[in-house]
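Single-letter residue listing:
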Amino acid sequence: MEQKEIHILNTARKMLKERDANVQFILEAYESSLDGPSRRLIHLWAGRSYYSRGDYYLARREMIHVGAPWLGHFFPSGERVIENDFFRFHIMPMVKSKKAQRFIIAYTKNYNRMKALVGTLKLIKKIDVYVFSDSRDMLGNDLCYTDAETLSIYTNYEIKGAHEIIHSMLAVRYGDQKLNDFVNEGVATWYDTGNMSWFIFAHNKCGCSITAQEIEKKIVGAKKDREYYYIAGLTIGYLLCLGCTIDELIHIPDVELRSCLLLRMGRTLFKDIESYYSRKGF
Ligand SMILES: [Zn+2]
């Protein structure tokens, strides 16, 4: 791809990400100067832009230009759509209705529970939740995950926890601001599972043996394995219990978070956490 084409694409992408951008105008301005594959990218981003405002009709109109599998990612065939006040559930054909029903009840309950913790939010559109019987979505992505930009969750029906709901709520609350990943995962993991049995479980998995260097590696963008979530949940849960707010935590850059957690608390961090939780009766 030529330098000029890359520049055009980058500019268009940036503009289309803005929620109040005039999508039709941007499309017309950039489409003609691009060839086939790049032109499809513009339509994909335009579709996502409409979708993120809840304009599903126009989103579909753009996605048709993109074709499979992206069209199916947003508008799967054979899905059942069930809506309530906050969610639009897209139930895939393989998910039996009893299982779907249980999933919807659990998700709605979790949303209400999380509202008390994260605060009431002004949703731009309902949260779209794609519910699969498989462990992958139609693009082959591992489930579950949240697409913050389009405010959608892709999940298996057996995963009924609040983790992805919290990611969606944080995405609404903080909009386009870049969130610290360690904090984002920590808040989601802690609020979803932060109870006595989870604490003991996570602590046994990593808390006893973890060194400051290992925590540091996790914080500065190591592979997001299971341990990453345990450490994020324990650490951020601890800071929340100490009275830090999500607002304060979420904007700490990685570097500062690292120095705050490691330089100030150093190797004793997990000892502090452990004694804190044991004082609390964990
Ligand atoms: Zn997560």
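For the structure itself, look to the data block above.
So, here is what we can say about the structure in this document. This one's a predicted model, so the numbers in the text were calculated from it and none came from an experiment.

Once that is clear, we can look at the overall build of the protein chain. A count of helices and strands for the protein chain gives 14 helices and 5 strands. Looking at the protein chain as a whole, 33% of its 282 residues qualify as buried. Excluding contacts between residues fewer than 6 apart, the proportion of contacts in the protein chain whose partners are at least 24 apart in sequence is 63%.

With an omega of -5°, the peptide bond running from Ala68 to Pro69 counts as cis. Along the chain, Pro69 turns up in the loop between helix 4 (56-66) and helix 5 (70-74). Of the consecutive residues Leu143 and Cys144, the connecting peptide bond is found in the cis state with omega at 5°. Note on placement: Cys144 falls in the loop between strand 3 (127-132) and strand 4 (145-147). Here the phi dihedral of Leu151 falls at roughly 50°; this positive angle occurs in a residue that is not glycine. Its location among the elements puts Leu151 in the loop between strand 4 and strand 5 (152-156).

Running from N to C, helix 3 (residues 36-52) and helix 4 point in directions that differ by 165°, and their axes come no closer than 8 Å. With respect to helix 4, the element helix 3 is oriented roughly antiparallel. The crossing of helix 3 and helix 4 is left-handed. The segment helix 3 lies against helix 4, with Arg40, His43, Leu44, Ala46, Gly47, Tyr50 and Tyr51 engaging Tyr56, Leu58, Ala59, Glu62, Met63, His65 and Val66.

If you look at the biggest cluster of nonpolar residues, it comprises 44 residues, and the most contacted ones within it are Val129, Val131, Ile166, Val187 and Ile236. Examining the composition of this core, we find that 9 residues originate from one element, helix 11 (residues 226-241), more than from any other. The residue makeup of this core includes at least three contributed by each of domain 2 (80-174) and domain 3 (181-279). Residues contacting Ile236, with those up to four places away along its chain left out, are Val183, Gly186, Val187, Trp190 and Leu249. Of all hydrophobic cores here, the second largest spans 16 residues; its members include Leu27, Ala46, Tyr51 and Met63.

A few words now on the environment of Gly140. As for its placement among the helices and strands, Gly140 is situated in the loop between strand 3 and strand 4. Remark: the alpha-carbon pair of Gly140 and Pro69, spanning 71 residues in sequence, is separated by 10.0 Å.

Further remarks concern the packing of helix 7 (residues 163-174) against helix 8 (residues 181-193). Direction vectors running N to C along helix 7 and helix 8 enclose 135°, while the axes themselves pass 8 Å from each other. Compared by their axis directions, helix 7 and helix 8 come out oblique. Two packed elements cross with a definite hand, and for helix 7 against helix 8 that hand is right-handed. In this structure, helix 7 contributes His163, Ile166, His167 and Leu170 to the contact, and helix 8 contributes Asn184, Val187, Ala188, Thr189, Tyr191 and Asp192. Of the residues contributing to the contact of helix 7 with helix 8, the split by class is 5 nonpolar, 4 polar and 1 charged.

Summarising the element assignment, Ser97 is placed in helix 6 (residues 97-118). On the basis of neighbour counts, which here come to 10 C-beta atoms within 10 Å, the residue Ser97 falls in the exposed class. Sequence separation between Ser97 and Arg80 is 17 residues, and the spatial gap between their C-alpha atoms is 9.7 Å.

Turning our attention to helix 4. Residues of helix 4 that are buried include every one of Ala59, Glu62, Met63 and Val66, and no others. For helix 4, the arc enclosing every buried residue in end-on projection is 105°, short of the 170-degree limit, so these residues lie on one face. Among the exposed residues of helix 4, those pointing more than 90 degrees away from its buried face are Tyr57 and Ile64. Just downstream of helix 4, Gly67 is the residue with a positive phi angle, here 80°.

Thresholds applied
Along each chain, numbering runs from 1 in the same order as the chain's sequence is written. Totals for whole chains, interfaces and linings use all residues, but because this is a predicted model, local features are given only for residues with pLDDT of at least 70 and pairs of side-chain atoms are given and counted only at 80 or more. Put simply, DSSP H or I for four residues or longer makes a helix, DSSP E for two residues or longer makes a strand, and each gets a number counted from the N terminus. Counting other C-beta atoms within 10 Å of a residue's own tells you its class, since 20 or more makes it buried, 12 or fewer makes it exposed, and anything in between is partly exposed; those C-beta atoms are placed from the backbone. Throughout, a residue-residue contact means that the two C-beta atoms, derived from backbone geometry, are no farther apart than 7 Å. Here an axis means a line fitted to C-alpha atoms, over the contact stretch when the element is a helix, while the angle between two N-to-C directions is reported on a 0 to 180 degree scale. Oblique is the label for any angle not covered by the other classes, which are roughly parallel (under 35 degrees), roughly antiparallel (over 145) and roughly perpendicular (65 to 115). If you view the pair so one helix is near and one far, a crossing is left-handed when the near helix is turned anticlockwise from the far one by less than a right angle, and right-handed when it is turned clockwise. The nonpolar core is taken to be a set of buried Ala, Val, Leu, Ile, Met, Phe, Trp, Tyr and Cys residues joined by way of C-beta atoms within 7 Å. What marks off one domain from the next here is an automatic or database domain assignment. Basically, the charged four are Asp, Glu, Lys and Arg, the nonpolar ten are Ala, Val, Leu, Ile, Met, Phe, Trp, Tyr, Cys and Pro, and anything else, Gly included, counts as polar. Arc, as used here, means the arc of the directions from the helix axis to the C-beta atoms.

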